[in-house]
Amino acid sequence: MMGLASDGGLMVPQSIPDVSDKCASWKRLSYEALAFEVMRPFISDLPESVLKNIIEKSYSTFEDPLIAPVRSLDNLHVLELFHGPTLAFKDIALQFLGNLFDFVLEKTNSNLNILGATSGDTGGAAIAGIKGKKRINIFVLYPEGKTSRLQERQMTTIIEDNVHNICLNGSFDDCQSLMKSVFSDLSFRKKYNLGAVNSVNWVRILAQIVYYFHAWNQLDCPSNFDVAVPTGNFGNIFAGYVAKQMGLPIRHLILATNSNDILARFFNSGDYSRTDVNFSESPAMDIQVASNFERYLFYQLDKSSTKVSQVMEDFKVTGTVSLKSSWSEQDRTFLAGAASDMETINTIRYFHDQYNYLIDPHTAVGISVAQRIHQKDLPLLCLSTAHPAKFDRAMKAALPNEIVQHPILSRLEGLPERKHSMEVDENSVKSYIVSRAI
Ligand SMILES: *Cc1c(COP(=O)(O)O)cnc(C)c1O
């Protein structure tokens, strides 16, 4: 529940269970039953019936009976991860996280104040996971006018006592750095029980491992397969990396970025250097420094925390790291590439014209890169991370004659909204938190 470790590092499990001799027998399990099997070996301190209940409750809010169905279009299989309450894959982890935290806080008779920053999808999904929970308050910082109106409405129309939307007159980077400075005030953090819900939190990775197994089942358990993942903070794809370590027969993880291609450059040349953020048609991936990459480094640097700290420290200072020489062995799991906005838009159009199937711009980045580098000898699974209606600007650019809607989003129009606007100022944000904290 602490999110970050007290030294600022990320948490990883002590060991990763090997389930390779079990997963074939999970073939007929429902999503919920499978989630129980996959997560149980990582969770030793909750009674089984409690974990089962939390899982049931978390996925009862999804509108597809399969939770995450696979749609097959010729040889390409799309795993639809957007059937939760806010239509982005983040619901899969954040619904579970909200219910899990709720249970633990009740049991330990304690409270939590969550502070998050969002450029769009995380805020809405976190609020949907936390709203109405008695022992948790959530404060979300977002940049005025920089999220889409749809994404803003998904946050501001939730009028619940424990939900506090803080709209800052600044950029997303301002929101994120303000959040970090509040967290680094350790006495404030402790006094108000501050918690984090972005993908540095291990619970998010844990819940995301499940759907890699679920997709493999729906493909009839092939002896090997490849998975393409559109990537921002390296969270979703890192969950796939853990699934592979658990014994799921993934051959390649195809990492796809937009023009913010630091990770693609790294996997292709070993060069990990930060540049400025570009604004693209897939805004949830407009990220330069992927927080979960640190977890991957841990496995590549002989599971040595000391080596990871050294690399992270160097990177912080110089903005660049070359890792090829310290690699324990060449990792052949990842293939990587980047897609431009033009390729993204063309891919959306192609899937509409060819299959009458709509994909959102993030999914299109993944599919576009996969089509370029996949070897076609094994089944290809592409993760679809959002419903296309969430990204109406890109959809309009690709398909000017289509109206792409979803009732969940249309219903928000005209609803009353609540937000608190302020300048980018740490003391104002802190005093607001103090006035509302539980
Ligand atoms: C958050 C998000 C991503 C990126 O996921 P990471 O786990 O940060 O790699 C991709 N697509 C959509 C729609 C998202 O909301």
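You'll find the structure just up there.
Predicted model only: the values in this text are computed from it and were never measured. As a convention, each chain's residues are numbered from 1 in the sequence order in which they are written. Totals for whole chains, interfaces and linings use all residues, but because this is a predicted model, local features are given only for residues with pLDDT of at least 70 and pairs of side-chain atoms are given and counted only at 80 or more. Only hydrogens and water are set aside; all other atoms, that is, all heavy atoms of the structure, feed into the side-chain values.

Asker: How would you sum up the overall build of the protein chain? Please name residues and give values.
Answerer: Here a helix means four or more residues in a row that DSSP labels H or I, a strand means two or more in a row labelled E, and each is numbered from the N terminus. Of the regular secondary structure elements, the protein chain holds 17 helices and 13 strands. Restricting the calculation to C-alpha atoms gives the radius of gyration, and the globule rule supplies 2.2 Å times the number of residues raised to the power 0.38. In terms of C-alpha radius of gyration, the protein chain reaches 21 Å, essentially the compact-globule figure of 22 Å for 438 residues. With the C-alpha coordinates of the protein chain rotated into their principal frame, the extents come out at 60 × 55 × 50 Å. Between two residues, a contact is recorded if the distance between any of their heavy atoms is within 4.5 Å. The contacts of the protein chain with a sequence gap of at least 6 include a subset with a gap of at least 24, amounting to 77%. When the accessible surface of the protein chain is totalled, it reaches about 18,300 Å², and 48% of it is carbon and sulfur. The charged-residue count follows a simple rule in which Lys and Arg add positive charge and Asp and Glu add negative charge, with His and chain termini not counted at all. Charged groups are reduced to one reference atom each: NZ for lysine, CZ for arginine, CG for aspartic acid, CD for glutamic acid. On the protein chain, the mean spot of the 42 positive side-chain charges and the mean spot of the 48 negative ones are 4 Å from each other. Using a 1.4 Å probe, accessible areas were evaluated by the Shrake-Rupley method; residue-level cover was limited to the displayed protein chains.

Asker: Pulling in residues and values, what's your account of the layout of surface pockets?
Answerer: The rolling of a water-molecule-sized probe over the atoms marks out the regions of remaining empty space. With a 1 Å grid laid over protein atoms only, a set of points is called a cavity when a 1.4 Å probe fits there but cannot get out and a pocket when it is open yet has protein on both sides within 12 Å along at least five of seven lines; lining residues have an atom within 4 Å of a point. Grid points are joined across faces, edges and corners, and a volume is the space filled by probe spheres set on the points. Reported here for the second largest pocket is a volume of approximately 580 Å³. What lines the second largest pocket is a set of 22 residues, and nearest its centre among them are Met1, Asp45, Leu100, Trp202 and Val203. Among the elements of the structure, α3 (90–108) and α8 (202–218) are those that each provide at least two residues to the lining of the second largest pocket. In terms of residue count, the dominant contributor to the lining of the second largest pocket is α3 (six residues). Polar here means any residue other than Ala, Val, Leu, Ile, Met, Phe, Trp, Tyr, Cys and Pro, which are nonpolar, and Asp, Glu, Lys and Arg, which are charged; Gly is therefore polar. Of the residues in the lining of the second largest pocket, the class split is 16 nonpolar, four polar and two charged. Here the lining of the second largest pocket gathers at least three residues from each of two domains, domain 1 (70–87 + 202–407) and domain 2 (90–201 + 414–436). Throughout, the edges of the domains are those of an automatic or database domain assignment.

Asker: Give a detailed account of the sheet that holds strand β2 (residues 76–80), specifying residues and quantitative values.
Answerer: Taken in spatial order, the six strands make up an open sheet running β1-β2-β12-β7-β8-β11, and their pairing is mixed. Edge positions in the sheet fall to β1 (70–73) and β11 (334–338), since each has one partner strand and no second. Averaged over all adjacent pairs, the angle separating strand axes in this sheet is 25 degrees, with direction ignored. This element, helix α14 (residues 361–373), spans β2, β7 (225–230), β8 (250–257), β11 and β12 (380–384) of the sheet and lies at about 125 degrees to β8. Think of it this way: DSSP has to see at least two bridges between two strands before they count as a pair. Convention adopted: a line fitted to C-alpha atoms gives each axis, helices being fitted over their contacting stretch, and angles between N-to-C directions are expressed from 0 to 180 degrees.

Asker: Can you break down the sheet that holds strand β4 (residues 136–143) residue by residue, with the values?
Answerer: Spatially, the five strands line up as an open sheet ordered β6-β3-β4-β5-β13, and their pairing is parallel. Looking at the sheet topology across the chains shown, the edges are occupied by β6 (194–195) and β13 (420–422). Here strand β3 (residues 112–117) pairs with β6 via two bridges, running parallel. Each residue of the ladder has a partner; that of Asn113, found in β6, is Leu194.

Asker: Before we move on, could you go through the pairing of β12 and cite the residues and values that matter?
Answerer: Only protein chains enter the accessibility calculation, which uses a 1.4 Å probe. A residue is then buried if its area is under 20% of the maximum for its type, exposed if over 50%, and partly exposed in between. Burial analysis of β12 places five of its five residues in the buried class, the great majority of the element. Side chains Leu380, Cys382 and Ser384 of β12 all project onto a buried face; the interleaved residues Leu381 and Leu383 project onto the opposite face, where all are buried too. Sheet topology note: the β2/β12 ladder contains five bridges and is parallel. Paired with His77 across the strands is Leu381, a residue of β12. Sheet analysis places β7 next to β12, joined by three bridges and oriented parallel. Looking at the pairing, Ala228 lines up with Cys382 of β12.

Asker: Residues and numbers for the side chain of His252, please.
Answerer: Here His252 shows up in strand β8. With a relative accessible area of 11%, His252 lands in the buried category. Residue contacts for His252: discarding those within four places in its chain leaves Phe225, Asp226, Val227, Arg332, Thr333, Leu335 and Gln375.

Asker: So what's going on with helix α4 (residues 121–130)? Which residues, and what values?
Answerer: Side chains three or four residues apart in an α-helix point the same way, a direct result of the helix having 3.6 residues per turn. In terms of burial, α4 is largely enclosed, as 10 of its 10 residues are buried. Along α4, the residues that are buried comprise Asp121, Thr122, Gly123, Gly124, Ala125, Ala126, Ile127, Ala128, Gly129 and Ile130. Residues of α4 that are buried make contact with α3, β3, β4, α5 (149–156), β5 (163–168) and α8. Following α4 by one or two positions, Gly132 has its phi on the positive side, about 80 degrees.

Asker: Quick one: what's the story with the nonpolar core, residue by residue and with numbers?
Answerer: The nonpolar side chains of a soluble globular protein tend to be buried, and buried together. If you look at the biggest cluster of nonpolar residues, it comprises 98 residues, and the most contacted ones within it are Phe96, Ile209, Tyr212, Phe213, Phe234 and Phe293. Looking at which domains feed residues into this core, each of domain 1 (70–87 + 202–407) and domain 2 (90–201 + 414–436) gives three or more. Residues grouped as a nonpolar core are buried Ala, Val, Leu, Ile, Met, Phe, Trp, Tyr and Cys residues, joined through side-chain atoms within 4.5 Å. Formed by 31 residues, the second largest nonpolar core is a distinct cluster that contains Leu73, Ala228, Ala370 and Met395.

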